[in-house]
Amino acid sequence: MTQLKKLIISFFFIAFTNIIFSETLKISINRIEPSSWWIGMNNKELQLLIYGKNIGITEPSINIPGIKITNICRTKNSNYLFLYLYISDDTKAGNYEISFFLNKKNVAKANFQLFQRKQDSQIKKSFTSSDVIYLLMPDRFSNGNPLNDATSETFEKPNRSNPNGRHGGDIEGIIDHLDYLKELGITTIWSTPLLEDNMNEYSYHTYAITDYYKIDPRYGKNEDYKRLADELHKRNMKLIFDLVTNHCGYNHWWIKDLPDSTWIHQFDKFTRTNYQVSTLYDPYASDYDKNICSNGWFDNSMPDLNQNNSHLLKYLTQNIIWWIEYAGIDGIRIDTYPYNDKIAMNELLKSIIKEYPTINIVGECWVSTPQEISYWQKGAINKDGYSSELPAVMDFPLMYIFHSAFNEDDSWNSGLRRFYNHFTLDFIYPNPNNILIFFENHDTPRFNELVNGDIRKTKMAYSLLLTIRGIPQIYYGTEILMRGDKNKGDGDIRRDFPGGWPNDNRNAFSEEGRTKEENELFNYVKKILNWRINNEVIHTGKTVQYLPENNIYVFFRCNDNKTVMVITNNHNTEKRKVDLSRYCQMIKNFSIGYDIIT
Ligand code: CA
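The present account deals with the structure reproduced in this document. Source: prediction; values computed, not measured. (Residues numbered from 1 in each chain as written. Predicted model: local features only at pLDDT ≥ 70, side-chain atom pairs only at ≥ 80, totals over all residues. Heavy atoms only, no water.)

Overall, mixed pairing links the 4 strands, which are arranged β2-β8-β7-β4 in an open sheet. Two strands lie at the open edges of the sheet, namely β2 (36-39) and β4 (59-61), each paired on one side alone. With direction set aside, neighbouring strand axes in the sheet form an average angle of 35°. Note: β2 against strand β8 (residues 105-116), 4 bridges, orientation parallel. Bridging from a neighbouring strand, W37 pairs with L114 of β8. (Pairing = 2+ DSSP bridges. Helix = DSSP H or I, 4+ residues; strand = E, 2+ residues; numbered from the N terminus. Axes fitted to C-alpha atoms, helices over the stretch in contact; angles between N-to-C directions.)

Written out as structure tokens, the structure reads:
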């Protein structure tokens, strides 16, 4: 009897303390990321980031056949729990619940969805040199849905009169003009990021991400992004995702309550990166400079993420895999690539490629010499032993050549000779054909501005870009002679596409809405692009170039079936005679040819 009394008393005592305990320590779940995943992935391990009040002190439990908890990681912040699962291939798809216990009492639940990986989720053909990429900024391209310009959940409201404000463009606007792009001859779209950027200002550029699993509501919903991919695929076109792993936005939810101090790089006071990427391969670089380059912040609104934190690296890796699997993306562009931790990024890339062996991924390595660009391409043998996993790089040195060459006469190192000299250095690249080539992008002066609207120069730039080695990327609006001055600020090089907004006074997406000169350029670009699509000789053919003479640069692209001769005449007179005897090596077997432009 006494024994029983004791037992009852102690039972009540424990129950009572439990109530007090969970009341003072409120337990809740705000987020589980990702909240869905797939069965049948090559990597069976999944990390779930669970965030909520005191969730870190609980014991998670999963009762799903086929799933095992392999690791439970807690950080110094009790509001986080990193749960690692093994998902075997015989797990059944469905909606599941994860339970969280404290002293054997179920104190919280989280829902989690599992899908069967689709048979056709493998990327059939990623972007290659057979493609032409159209880079657009969604806020500035077209406003397909004026109702989403402002939302109750986002801070910055639309203001079209502010070059640095939000103008209302969205995913619907892109979808509305896919036929325009198809007609032009575009095969692939690279949209700058579309994930939520809920910063108070400058959010239109959307590189300060505040939620990695959500399309910004001013662009649409997650389903709209998937619909964009589907609409592209229907037209035999591709979609490139702009991935930002180096930094997030200051308003990201985790910044207010970091899992631990190593999640982002922190200094005693705000420390900006020195933007000196050379420190990452300079044999003489100091540790001080290297640290500031990699770990300094791009801007005070963009905390620098620490990819060396293994939980964060896994989070970022899964996030991009989630978007590929969810939306059916065809390729990736990685923002500010060298500013990430270069060893950690190799791990991220290997994980993506493990799931999608055919994917192409291009990194923004904004440096000015081919030696430096090639350092970042997979296959490069670097003296410091670094071996990159990044398949594709960007030819920034070539962009600078485009910016000056057409405004100069030829000499030892000016005018068209710059192109010739540039390509002589291709021996340094493991794969010169897997390089993005462009004469401008969303961060640079607009080409039409640099040549003062001289349509002849823009035509020359396009015809060169679309016939040389590599993967051409063109920037929205240049095909209709859009201009923009970088000196006036980024807003000026990111103007609205005329006709993209319901009340615009003209619609340059249509022939009638374009001026005579705009149509002249549009039709010129359209002609080359549509010809290029089916001419493998340009995609993969061998290049033979001739030393420029008298402002004329000639190169050939050839394979077993075809030979293409490209002549660039950077001279004030349109018509000039070319002595063909110099090119005997390339043309001796031909008696006729046709001009693709005329
Ligand atoms: Ca809109």
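All of the protein donors around the calcium ion are N143 (OD1), N145 (O), N148 (OD1), D149 (OD), G168 (O) and D170 (OD); their distances to the metal are 2.3 to 2.6 Å. Sequence spacing of the donors to the calcium ion: N-x1-N-x2-N-D-x18-G-x1-D. Placement of D149 in the loop between α2 (138-141) and α3 (171-176) and of D170 in the loop between α2 and α3 is noted, with a sequence separation of 21 residues between them. Of the two residues examined, D149 and D170, each falls in the buried class. (Donors = N, O, S within 2.8 Å, 3.2 Å for Na, K, Ca; no water. Buried < 20%, exposed > 50% of the residue type's maximum accessible area, 1.4 Å probe, protein only.)

Further remarks concern the sheet that holds strand β18 (residues 471-475). In space, the 8 strands of this open sheet follow the order β15-β14-β13-β10-β9-β18-β17-β16, with parallel pairing throughout. For this open sheet the edge positions go to β15 (360-363) and β16 (393-394), each flanked by a neighbour on one side alone. The pairing of strand β10 (residues 188-191) with strand β13 (residues 238-243) spans 3 bridges and is classified as parallel. The residue of β13 that forms the bridge with I189 is L239.

Time to look at helix α8 (residues 342-355). Under the 1.5 Å per step criterion, the end-to-end length of α8 is 20 Å for 14 residues, consistent within 8% with the ideal 20 Å. Where α8 is buried, its residues contact α7 (310-327), β14 (331-334), β15 and α9 (370-375). Its side-chain oxygen placed 3.1 Å from the backbone nitrogen of I343, D341 serves as the N-cap of α8. (Expected span 1.5 Å × (residues − 1). Contact = heavy atoms within 4.5 Å. Polar contact = N/O pair within 3.5 Å; in protein donor to acceptor, adjacent residues only side chain to side chain.)

Further remarks concern the packing of aromatic side chains. As enumerated under the stated definition, the model contains 55 aromatic pairs in all. Look at Y275 and F298: their rings are 5.1 Å apart centre to centre, the planes differ by 90°, and that puts the pair in the edge-to-face class. In this pair, Y275 sits in the loop between β13 and α6 (287-295) while F298 sits in the loop between α6 and α7, placing the two residues 23 residues apart along the sequence. Assessed through its relative accessible area of 17%, F298 is described here as buried. Taking the centre distance of 4.8 Å and the plane angle of 75° together, the rings of Y475 and Y476 count as edge-to-face. The residue whose ring lies beneath R166 is Y219, and the NZ or CZ to ring-centre distance is 5.0 Å. Above the plane of the ring of Y386 lies K342, whose end atom (NZ or CZ) is 4.7 Å from the centre. (Phe/Tyr/Trp six-rings, centres within 6.5 Å; stacked < 30°, edge-to-face > 60°. Lys NZ or Arg CZ within 6 Å of the ring centre and 35° of its normal.)

As a further point, take the nonpolar core. Ranked by size, the top nonpolar core spans 171 residues in total, and within it Y134, Y225, W254, W376 and F419 carry the most contacts. The element contributing the most residues to this core is α7, with 11 residues. Discounting chain neighbours no more than four positions away, the residues touching F419 are L398, I401, F402, A405, F406, L464, Q545 and Y553. Within the second largest apolar cluster, 8 residues are counted, among which are V544, I552, C558 and M586. (Core = buried A, V, L, I, M, F, W, Y, C linked by side-chain atoms within 4.5 Å.)

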